[in-house]
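# Chains, contacts and geometry: an overview
So you can see what is in the structure, the chains are spelled out below.
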Amino acid sequence: MGEERKEEEELVVPPLNFGMVDNGILRSGFPDSANFSFLQSLGLRSVLYLCPEPYPEANSEFLKDNGIQLFQFGIEMCKVPLFYCAIDQEPFVNIPEETIRQALKVILDGRNHPVLIHCKRGKHRTGCLVGCLRKLQRWCLSSIFDEYQRHAAAKARVSDQRFMELFDISSLKNLPLSFSSTIYSSNR
């Protein structure tokens, strides 16, 4: 009896920095085993992982057991040592545009929905990818930056915002945004 009650009371805990991006598109920091019940409740078809490190065995097993496809786009977060930066500059982070384009194609393909986008903390790599998606959805830059800053908090980087501002969406304009026609036509 006590064991049955324990199962009923199992906590369902979302990953760090979890949020809904759009219909069928979710974001978070790196999920661990404490988050598996929550992720299972989402009925995910795909996980888009933005770190170069191999996916941990426990997470891979969870994906396999639940029929979830893993897409990995390893974005290195190589920082230039601080002594190379001027006093008022932050370390340079290299975000490869082509990798972001390929990841956006996965996100825009409704066959992969629902999809969870994550990196380590759900701030920089995830924030840049979501920001580029917002550009494609015709959000204004101030709204893109507001959303980025809500997730990055005190760790917001001017270089990430500059990347989103300069990201060229022209090669992606012909891709369907069928997952959210209302957002595509809105003026944010």
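Only a predicted model underlies this, so the values are computations on that prediction, with no experimental measurement involved. (Residues numbered from 1 in each chain as written. Predicted model: local features only at pLDDT ≥ 70, side-chain atom pairs only at ≥ 80, totals over all residues. Heavy atoms only, no water.)

So, on to the pattern of salt bridges. Evaluation of the coordinates by the stated rule reveals five salt bridges. For glutamate 97, the salt bridge goes to arginine 101, with nearest N and O atoms at 2.9 Å. Within this pair, glutamate 97 and its partner arginine 101 are both found in helix α4 (residues 97-108), separated by four residues, close to a single helical turn. Note that glutamate 98 is salt-bridged to arginine 101, the shortest N-O span being 3.5 Å. (Salt bridge = Lys/Arg side-chain N within 4 Å of Asp/Glu carboxyl O. Helix = DSSP H or I, 4+ residues; strand = E, 2+ residues; numbered from the N terminus.)

Across the sheet, which stays open at both edges, the five strands sit in the order β1-β2-β5-β3-β4 with mixed pairing between neighbours. The sheet terminates laterally at β1 (19-22) and β4 (69-72), the two strands that pair on one side only. The average undirected angle you get between the axes of adjacent strands in this sheet is 25°. Two strands pair when backbone bridges link them, and strand β3 (residues 46-49) and β4 are joined in this way by four bridges, in the parallel orientation. Within β4, the residue paired with leucine 48 across the bridge is phenylalanine 71. (Pairing = 2+ DSSP bridges. Axes fitted to C-alpha atoms, helices over the stretch in contact; angles between N-to-C directions.)

Counting residues in hydrophobic clusters, the biggest one holds 40 residues, and the most contacted among them are Leu48, Ile100, Leu104 and Leu129. Mapped by element, the contributors of at least two residues to this core are β2 (25-28), α2 (36-42), β3, α3 (57-65), α4, β5 (115-118) and α5 (124-136). Every residue in contact with leucine 129, bar those within four places of it in the chain, is listed here: Leu48, Leu50, Ile100, Ala103, Leu104, Ile107 and Ile117. (Core = buried A, V, L, I, M, F, W, Y, C linked by side-chain atoms within 4.5 Å. Buried < 20%, exposed > 50% of the residue type's maximum accessible area, 1.4 Å probe, protein only. Contact = heavy atoms within 4.5 Å.)

Here the chain averages 83 in pLDDT, and 79% of its residues register 70 or above. Across residues 80-92 the pLDDT falls below 50, and counting only partners more than four positions away or on other chains, this stretch makes 13 contacts in the model. Confidence over residues 181-188 falls short of pLDDT 50; this stretch has 13 contacts with residues more than four positions distant or in other chains. (pLDDT = per-residue confidence, 0-100.)

Relative to each other, helix α6 (residues 141-152) and helix α7 (residues 158-166) sit at 145°, their axes nearing to 11 Å. α6 and α7 meet at a crossing whose hand is right-handed. Side by side, α6 and α7 meet where Leu141, Ile144, Phe145, Tyr148 and Gln149 of the first sit next to Asp160, Gln161, Met164 and Glu165 of the second. Within the contact of α6 with α7, the residues separate by chemical class into five nonpolar, two polar and two charged. (Left-handed = near helix turned anticlockwise from the far one by under 90°. Nonpolar A, V, L, I, M, F, W, Y, C, P; charged D, E, K, R; others polar.)

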